[in-house]
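# Notes for the structure review
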Amino acid sequence: MAFERVGVVGLGTMGAGIAEVFARAGLRVIGVEADAEALARGRGHLERSTGKAVDKGKLAPGQRDEILGRITLTTSREDLRDVDLVVEAIPEILDYKISLFKDLDRICEPGTVLATNTSSLSVTAIAAATGRPGRVVGMHFFNPAPVMKLVEVVGTVVTEPGVVADVTALAGRLGKTAVAVGDRAGFVVNRLLLPYLNHAAALMELGVAGRDDIDAAMRLGVGLPMGPFALLDLIGLDTAYEVMGVLFDETRDRRHAPSPLLRELVTAGLLGRKSGRGFYGASGGAPHTKQAKSRLGTFKVVGYEDEGDGLAERLRAAGFKSSEEPDVVLRLADRPVIEHAVRLPDPARMVGVHLVGDQVAELASTALTSEHAATAARDLMKIVGLTPVPCKDRAGFVVDALLFPYLNDAVRMYDSGYASIEDIDAAMRLGCGYPAGPFEMLESFGLARVRDGLRALYTEYREPAFAPAPLLDQLVTADVSEFPRR
Ligand SMILES: NC(=O)c1ccc[n+]([C@@H]2O[C@H](COP(=O)([O-])OP(=O)(O)OC[C@H]3O[C@@H](n4cnc5c(N)ncnc54)[C@H](O)[C@@H]3O)[C@@H](O)[C@H]2O)c1
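Note that this is a predicted model, so its numbers are computed, not measured.

What counts and what doesn't
- Residues numbered from 1 in each chain as written.
- Predicted model: local features only at pLDDT ≥ 70, side-chain atom pairs only at ≥ 80, totals over all residues.
- Heavy atoms only, no water.
- Helix = DSSP H or I, 4+ residues; strand = E, 2+ residues; numbered from the N terminus.
- Rg over C-alpha atoms; globule rule 2.2 N^0.38 Å.
- Buried < 20%, exposed > 50% of the residue type's maximum accessible area, 1.4 Å probe, protein only.
- Contact = heavy atoms within 4.5 Å.
- Areas by Shrake-Rupley, 256 points an atom, 1.4 Å probe, with all protein chains shown as cover.
- Lys, Arg positive; Asp, Glu negative; His and termini not counted.
- Charge placed at Lys NZ, Arg CZ, Asp CG, Glu CD.
- Near = heavy atom within 4 Å.
- Polar contact = N/O pair within 3.5 Å; in protein donor to acceptor, adjacent residues only side chain to side chain.
- Expected span 1.5 Å × (residues − 1).
- Patch = residues over 30% accessible without salt bridge, like charges linked within 9 Å, V, L, I, M, F, W, Y side chains within 5 Å.
- Salt bridge = Lys/Arg side-chain N within 4 Å of Asp/Glu carboxyl O.
- 1 Å grid on protein atoms, 1.4 Å probe; cavity = no way out; pocket = protein on both sides within 12 Å on 5 of 7 lines; lining within 4 Å.
- Points joined across faces, edges and corners; volume = space filled by probe spheres on them.
- Nonpolar A, V, L, I, M, F, W, Y, C, P; charged D, E, K, R; others polar.

## Here's the deal with the overall build of the chain
Within the chain, the secondary structure is distributed over 19 helices and 13 strands. For 486 residues, the compact-globule formula gives about 23 Å, and the C-alpha radius of gyration of the chain, at 25 Å, lands near that figure. Expressed along its principal axes, the backbone C-alpha trace of the chain runs to roughly 80 × 50 × 40 Å. Of all 486 residues assigned to the chain, the portion counted as buried reaches 54%. Pairs at least 24 apart in sequence give 70% of the contacts found in the chain among residues at least 6 apart. Total accessible area on the chain is roughly 20,200 Å²; 52% of this is exposed by carbon and sulfur atoms. Counting 55 positive and 64 negative side-chain charges, the chain places the averaged centre of each group 3 Å from the other.

## Concerning the site of the ligand
The full set close to the ligand counts 25 residues, and E33, E92, K97, S119 and I235 are the nearest of them. Side-chain polar atom of N143 to an oxygen atom of the ligand: 3.0 Å apart, as the coordinates give it. For the ligand, whose accessible area on its own is 830 Å², the fraction buried by protein is 87%.

## Digging into helix α10 (residues 237-251)
Between its terminal C-alpha atoms α10 stretches 21 Å, which fits the 21 Å expected from 15 residues at 1.5 Å a residue. Those residues of α10 that sit buried are L237, A240, V243, M244, V246 and L247. Buried residues belonging to α10 abut α7 (189-205), α9 (228-235) and α11 (260-267).

## Concerning a negative patch on the surface
Side chains of E305, D306, E307 and D309 sit close together on the surface and give a patch of like negative charge. Mapped onto the elements of the fold, E305 is located in helix α12 (residues 305-317).

## A few points about the layout of surface pockets
Considering only enclosed or pocket space, the second largest pocket measures out at about 910 Å³ in volume. Taken together, 24 residues make up the lining of the second largest pocket; nearest its centre are S49, K52, P144, P146 and R273. Within the residue set of the lining of the second largest pocket, elements represented by two or more residues are α1 (15-24), α2 (36-55) and α9. Looking at the lining of the second largest pocket element by element, the count peaks at five residues for α2. Of the residues belonging to the lining of the second largest pocket, the class tally is eight nonpolar, seven polar and nine charged.

This is the structure in structure tokens:
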């Protein structure tokens, strides 16, 4: 089936971008909003987004006019009667979507394909509410839709096979890569991404590390395009909260229970970029710890010979003196740091150090670490060009605590038969802009390191989902360094 005229319902964070994607590919678009005010906002999104593309030289002004000229904006759903496809992008609330789809079913021709951009809701439940369940699919774009290359095409048990193939071909025409999946809450990307974002909020609530430090650790340490809090602001905290709720309802995994912090911010109207303030914003975000100034002092590095020697060398080259009576004892990560600290005459001087990549040093303070030692460690790292990430002495510190459960979830997803390794890797790269997919990351970190890190997390937090996935454990036991591509 060829799609030439499409409708997009809801022109918010996602819908406006989706309308732009269709118009850029030469399709005629009817964009529908709830009322005149929302329609004006939708028009504003479209004008700003295409305007930015012109400013960056990615679009000629004439092309921009052509794109905008292909989009008709309306507040009447009835205008969708002649379209070949409708993509719905209204809020993530099942009742709203079901009522809209019933109406679309009445308005549109029987052959029209109805697609939902839902991140997590049951496509099957939405399809079943219509008289054409075989022609209802998920067409899940990523934020920002004009930029991100992935579309998850979600078929249900009743979808006509040709419809998934047609929508997949359409995604290709839009310049996107489609990954076809079954109907499970969160599909591939959100099932892996949202628990990680929720976990970041939990670590902040537990006081393991602050907002800016967690974001810096994931961006600079792992190479992700954004830290979790900046990404939550981009997604919209209300959307993230709803998606977490749906995941939790399906899995009953308490890691999927939306963080109370998210609920509080949403209730306060702090929704992220769309409301001007969320975790970040004009008048500041969530509180983070005040940092005292230190007098730079002497140091001693202990543990992990090569890494430790390298760090000591960098510090000496920067003009600092190592000493047997130092201001700070830098213990290269070997947890729990407190076990090493209590063997010192003065445990208050010890700070754990975990170097992540070549830019980030996680600095773990124990319950006994003095403010002076913590501040001295931070300042020393800055002077040798590392970004310090102060955190508590907890398993995985920040980066491994956030990354390893995500990798473990990917292994479980693959092992459940839901998606292939290639599709999972491609989905995370193209849907989130990650530098590598989870299996590529696992293999580059070393399977044993991730398995051991998960064991440590499990031992400390007693969280069942942190226990290494059986497949990961077995590959490590068999001394295999790569996942079998089935
Ligand atoms: N935000 C993301 O990063 C993201 C990514 C992928 C998918 N999604 C999904 O896309 C959908 C929309 O999310 P969003 O973040 O764009 O939400 P949003 O709140 O930014 O936008 C929703 C828009 O729908 C409009 N709307 C509400 N009821 C309507 C109706 N009856 N008719 C027409 N328009 C109506 C609202 O006025 C608003 O402009 C959700 O299902 C969400 O899960 C979101």
